[in-house]
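Commentary on secondary and tertiary structure
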Amino acid sequence: MRPWTALVCVALTAPSAAVAELPIFDAHVHYSHDAWDNLPPPDAVAILRQAGLKRALVSSSGDAGTQRLLAEAPELIVPSLRPYRSRGELGSWMRDDSVIGFLEERLKNARYAAIGEFHLYGADADLAVPRRLVALARQYQLVLHAHSDADAVDRLFQQDPQARILWAHSGFERPEKVAELLRRHKNLWADLAFRSEHGSGGKLPPEWRALFTEFPDRFMVGTDTFTPERWFYIVEHAQWSRAWLAELPTALAERIAWRNAEALFSFWKVGSAQ
Ligand SMILES: [Zn+2]
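Since we're looking at a predicted model, the values are computed, not measured.

**Concerning the pairing of strand β2 (residues 53-59)**
- In terms of burial, β2 is a largely internal element, 6 of the 7 residues being buried.
- Tracing the backbone out of strand β1 (residues 24-30), into helix α3 (residues 41-50) and back to the parallel element β2 gives a crossover that is right-handed.
- As defined by bridge partners, β2 adjoins strand β3 (residues 77-81) across 3 bridges and the pair is classed as parallel. Residue pairing for β3: V58 is matched across the bridge by P79.
- For the crossover that starts at β2, traverses helix α4 (residues 64-72) and ends in the parallel β3, the hand is right-handed.

Spelled out as structure tokens, the structure:
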């Protein structure tokens, strides 16, 4: 089945109008070099609009993809700078000194709202390259989007207690562990990308409801288009998110759907890109 056929099927099974209208800020989108061939920027933006996205936090290995999308739809794209020049660097970047020059050059030449998403675990967070990345985020006042375990998150905050960290996938941790870390760090937010246990079948389990209720200002949704094919899942993911969010009080659902991300990235104004 062609991906576009899948999108049509999704449209036919859309939830009720009120729920369908809930805007979504997708806080976990990648548009890397291997996504362009099948999905040039106008088509990518068409998918974001079809999904009813208010905005999207976008990063790309190589950064050019992010810049191309930003140029195509500046009002829709919140740009983030990955420390990866190409696919395959996610396990080596923290020991690769040349990453520092890449980050410094990009930060001089374009404006961003965040650095990430980067993959970083445990004691690796204290290596020289990640330390420099944290220092650059502080210098440029950028959010860190970290695909990390709790240990690395703690270490990043030790380096910069004022850092603002968006914890990718909520660390793939259980709700109790996520709560523990959110209690410990007031400048920690968490995305729910590429996990489904909080909303499978459109239902919200009690432990997740309790977590969202305790931390109404910290969560946001995201698709995670880590391979080009997953771009065709953005629309379905938005619909799926609206389904489980409908189980929450409207004000809380709106926060998780878009208001929390909008607040975290409120400093990023449309047209602020150079
Ligand atoms: Zn990702």
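**Considering the nonpolar core**
- The biggest cluster of nonpolar side chains holds 92 residues, and the ones touching the most others in it are F212, F219, W231, W244 and I256.
- The element contributing the most residues to this core is helix α11 (residues 250-264), with 7 residues.
- With residues up to four places along the chain from it excluded, the contact list for W244 reads L192, H198, G199, G202, L204, F212, V221 and I256.

**Considerations on the sheet that holds strand β4 (residues 114-120)**
- In spatial order, the strands read β1-β2-β3-β4-β5-β6-β7-β8; together these 8 strands make up an open sheet with parallel pairing. Two strands bound the open sheet, and with one partner strand each, they are β1 and β8 (219-220).
- As paired strands, strand β6 (residues 165-167) and strand β7 (residues 188-191) are joined by 3 bridges and run parallel to one another. Bridge assignment links L166 to a residue of β7, and that residue is W189.

**Regarding the coordination of the zinc ion**
- Every protein donor of the zinc ion is listed here as H28 (NE2), H30 (NE2), E117 (OE) and D224 (OD), and their distances to the metal cover 2.0 to 2.6 Å.
- Metal-centred angles of 85 to 170° between the 4 donor atoms at the zinc ion mark the site as irregular.
- Read from N- to C-terminus, the donor residues coordinating the zinc ion fall into the pattern H-x1-H-x86-E-x106-D. Across the pair, exposure class does not vary: H28 and H30 are buried alike.

**What about the confidence of the model for the protein chain?**
- Of all residues in the protein chain, 91% have pLDDT values of 70 or greater, and the mean over the chain is 92.
- pLDDT under 50 marks residues 1-19. Its contacts with residues more than four places away, or in other chains, come to 16 contacts.

**A closer look at the side chain of S59**
- Along the chain, S59 falls in strand β2.
- Here the side chain of S59 touches G116 through a polar contact of 3.5 Å, landing on its backbone oxygen.
- Excluding residues that lie within four positions of it along the chain, S59 makes contacts with V29, H30, Y31, T66, S80, R82, G116 and E117.

**Describing the packing of helix α7 (residues 150-159) against helix α8 (residues 175-184)**
- The interhelical angle for the contact between α7 and α8, taken along N-to-C directions, is 5°, at an axis separation of 11 Å. Classified by the angle between their axes, α7 and α8 sit roughly parallel to one another. Between α7, through A150, V153 and D154, and α8, the contact on the second element is made entirely by K177, L181 and R184.
- Residues that form the contact of α7 with α8 fall into these classes: 3 nonpolar, no polar and 3 charged.

**Some remarks on the pattern of salt bridges**
- Applying the stated criterion to the full structure yields 23 salt bridges.
- The residue E105 makes a salt bridge to R106 at a minimum N-O spacing of 3.7 Å.
- Accessibility expressed as a relative area gives 37% for E105, which makes it partly exposed.
- R174 is the partner of E176 in a salt bridge, and the nearest nitrogen-oxygen pair spans 2.4 Å.

What counts and how
- Residues numbered from 1 in each chain as written.
- Predicted model: local features only at pLDDT ≥ 70, side-chain atom pairs only at ≥ 80, totals over all residues.
- Heavy atoms only, no water.
- Buried < 20%, exposed > 50% of the residue type's maximum accessible area, 1.4 Å probe, protein only.
- Helix = DSSP H or I, 4+ residues; strand = E, 2+ residues; numbered from the N terminus.
- Right-handed = clockwise from strand over helix to strand, strands pointing away.
- Pairing = 2+ DSSP bridges.
- Core = buried A, V, L, I, M, F, W, Y, C linked by side-chain atoms within 4.5 Å.
- Contact = heavy atoms within 4.5 Å.
- Donors = N, O, S within 2.8 Å, 3.2 Å for Na, K, Ca; no water.
- Tetrahedral: all angles 85-135°; square planar, octahedral: opposite > 155°, others 65-115°.
- pLDDT = per-residue confidence, 0-100.
- Polar contact = N/O pair within 3.5 Å; in protein donor to acceptor, adjacent residues only side chain to side chain.
- Axes fitted to C-alpha atoms, helices over the stretch in contact; angles between N-to-C directions.
- Parallel < 35°, antiparallel > 145°, perpendicular 65-115°, else oblique.
- Nonpolar A, V, L, I, M, F, W, Y, C, P; charged D, E, K, R; others polar.
- Salt bridge = Lys/Arg side-chain N within 4 Å of Asp/Glu carboxyl O.

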